[in-house]
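One-letter residues, chain by chain:
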Amino acid sequence: LTDASGAGSSITILYGSETGNAEEQAKNLLMDIRARGMKGQVSALDDFEFDDLPNQKVLILVVSTCGLGEYPQNSKRTWMKLQSQDLPMTWLSGVKFCVFGLGDSTYAQFCYAAAGFDVRLGELGAHRLLQRGVGDDRDEDRYYTGWDAWLPELWTALGAPQLPLSRDVPAPCYKVSTSPGKVESPPVPDDDIVPPGAAKLTLLTNRLLTPESRDYDRDIRHYEFQIKGTPVSYKTGDSLAIWPRNPTKLAEEFCAMMGLDAGQQLQVVPLEGARNWCPQELSVRQLFTHVLDVFGKPNKKFFDTLSLFAKDEKEKAILESIVAGSDEGKALYRDLVQDYAHHADVLRRFPSARPPVEHLINMIPPLKPRSYSIASSPLMHPDMIQLCVVQVDWTVESTKEFRIGEATGYMKLQKPGAQIMCAVRQSAIVLPKVPSDPVLMAGMGTGLAPWRAVTQERVMQKRQGLNAGPCVLFYGARYEKFEYLYREEFEKYVAEGVLSIHTAFSRDQARKVYVQHRIVEAGDQVGTLMLRQNGHFYVCGSARQVPEDIYAAMKQVVMAFDRCGEEDAEATLSNLKMEGRYTVEAWS
């Protein structure tokens, strides 16, 4: 490892980001670097001039990993260029670098893209400042757990102070001009505010799949989006990212709390340091319904910046304690996290801190899309994309307030004909190249969605005369009566001879039965298809316990089928994962 303290103060931060998390971290880092008196710039990897890489003094990469070791879309071109055999091994000899990776340890290829960049830059002669940092979505504070541990090491390696040089309000990164307006007459129509990377799709269907009853507590819906006549296409196994919008009522209440006129019209011009996209023209109400994630979870950088605006000294001290990590600050932060506090909650809690709009645009991240496994196959439904989505909801522990997730709450309220901002994205699910290879799928609840798509694919392959291999589904839910989703459709596929299905409804009997139990019971079938016929095994469900429980069941199957010990069974499963034949698609 080398030291950058004598390398000058020019630092280049490059990010590879698919959903916005790595981008957000990279832009936060730039603000921190500038607060320590150093110069810096930030860019997506593929937006940076590749041939200019050797001219950088200090290079910091913040890179996420998608699905099964996929590189983010805005980093792939750079990654491919770095593989060129024409690059000399001294190409980056004048560069000092480090890498931070964001990932999810549920997946076998954890932080694979970050590791790839880290190794390759070293091979090309760059000098490593410090060991690669990793942020795991499974940690208590998600990516920030690893980030907060890595950052002090970075400041030491850079020869930078651990704390910012000043605690003054920074210069605004946006120039905002205002003019009078009315809430009902914004300067641009709502549907013309399209986030970067999104396409407008027309909602065709919003149908409740579960009963509306006081005796039942879940809202599971079937959605259909028209893609005919649009440039959007998809493959079986893809996911659909949906950009939510904040409820108008809540946004207007937020404006009132902040002393803002919701109908006021804004003209927004980004300046140096601007980190978030924002339309040039919009109303105050549209800023908080369509652009800023005001009802999303704040990161610690938000508390840090907010403390600079607190006029009450006690409030300022509390906000600073959260960032400094004092015992009191840690306890408050834990309480806020436990209550799923959002930006508006925090601003309500600290009424003396009222940043103006030109600062809020930079402090609050833009609304991020939520990705949902597509529940249809383009072979069966070439003109539409279908989803199966359960509403996310919870009760705030401290106030007993019932809340609904941003994206699922937004989708639930949309009526056919609505324009929804969407983008098709590749997921970890990759189907066998040979249609005759068996597929075995385990899905819990709406984790059934991608397996409906895969089953439809196999059904269409068989109807087209192809040799479609065995298709086995293990489906688990709580109640057969309420949650056997798409039952008639699946029973039709069984009758066609394409599908065999094993169900586990955990609360329909005294002894709880789960999917992992059904997998063990069908051990001979699972072992034969997976270990003798080149089968592919897929899991989709909540990340809390599902992947571990299914893995334990599969290990038990392998031990019994191959008559081997635990260590050998784990080696077999590890090989299956590396071959892409054991895939986990899990959500938090």
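Here's a quick rundown of the structure.

Conventions we followed
Counting starts from 1 at the beginning of each chain's written sequence and moves along it residue by residue. Local features in a predicted model are, by the rule used here, given only for residues with pLDDT of at least 70; side-chain atom pairs are given and counted only at 80 or more, and totals for whole chains, interfaces and linings are based on all residues. The side-chain figures draw on all heavy atoms in the structure; neither hydrogens nor water molecules are used. The way it works is that DSSP assigns letters per residue, a run of H or I at least four long becomes a helix, a run of E at least two long becomes a strand, and they are numbered from the N terminus. Contact criterion: two residues are considered in contact whenever any of their non-hydrogen atoms come within 4.5 Å of each other. Each pair of strands is called paired provided DSSP finds at least two bridges between the two strands. Lines are fitted to the C-alpha atoms to define the axes, a helix being fitted only along its stretch in contact, and any angle between axes, read from their N-to-C directions, falls within 0 to 180 degrees. By the definition used in this description, the sense in which the near helix is turned from the far one sets the handedness, with an anticlockwise turn below a right angle giving left-handed and a clockwise turn giving right-handed. When residues are grouped by polarity, Ala, Val, Leu, Ile, Met, Phe, Trp, Tyr, Cys and Pro land in nonpolar, Asp, Glu, Lys and Arg in charged, and all others, Gly among them, in polar.

## A few points about the environment of Ala468
Inference 1: Mapped onto the secondary structure, Ala468 falls in the loop between helix H13 (449-463) and strand E19 (471-477).
Inference 2: The spatial distance from the C-alpha of Ala468 to the C-alpha of Ala114 is 37 Å, given a sequence separation of 354 residues.
Inference 3: If near-sequence neighbours (up to four positions away) are discounted, Ala468 is found in contact with Pro435, Ser436, Arg458, Gln461 and Lys462.

## Describing the sheet that holds strand E11 (residues 265-270)
Inference 1: What the 3 strands build is an open sheet, ordered E7-E11-E12; its pairing is antiparallel. Each having just a single partner strand, strand E7 (174-179) and strand E12 (281-283) make up the two edges of the open sheet. If you compare each strand with its neighbour and ignore which way they point, the axes differ by 30° on average.
Inference 2: Relative to E11, E7 runs antiparallel, the two being bridged by 6 bridges. Of the residues in E11, the one forming a bridge with Lys175 is Val269.
Inference 3: Its contacts with the sheet place helix H6 (residues 284-291) against E11 and E12, and it is angled at close to 95° to E12.

## Focus: the packing of H13 against helix H15 (residues 487-495)
Inference 1: Interhelical geometry of H13 versus H15 gives an angle of 35° and a closest axis separation of 11 Å. Crossing angle aside, the handedness with which H13 passes H15 is left-handed. Residues Arg452, Thr455, Gln456, Val459 and Arg463 of H13 form the contact with H15, whose own contacting residues are Glu489, Phe490, Lys492 and Tyr493.
Inference 2: Residue composition of the contact of H13 with H15, by class: 3 nonpolar, 2 polar and 4 charged.

## Overview of the sheet that holds strand E14 (residues 384-390)
Inference 1: Pairing in this open sheet of 6 strands is antiparallel, and the strands run E13-E10-E17-E8-E9-E14 from one edge to the other. Strand pairing shows two members of the sheet lacking a second neighbour, strand E13 (370-373) and E14, which therefore form its edges. Taking each pair of neighbouring strands and ignoring which way they run, the sheet shows an average axis angle of 40°.
Inference 2: Bridge count for strand E10 (residues 239-242) against E13 is 4 bridges, and the pairing is antiparallel. Residue Ile242 lies in a different strand from E13, and its bridge partner there is Arg370.
Inference 3: Of the strands in this sheet, strand E8 (199-208), strand E9 (220-226), E10, E13, E14 and strand E17 (419-425) are in contact with helix H12 (residues 406-413), which crosses E13 at around 70°.
Inference 4: On top of the sheet, H13 reaches E9, E13 and E14; it is set at about 145° to E14, its chief contact.

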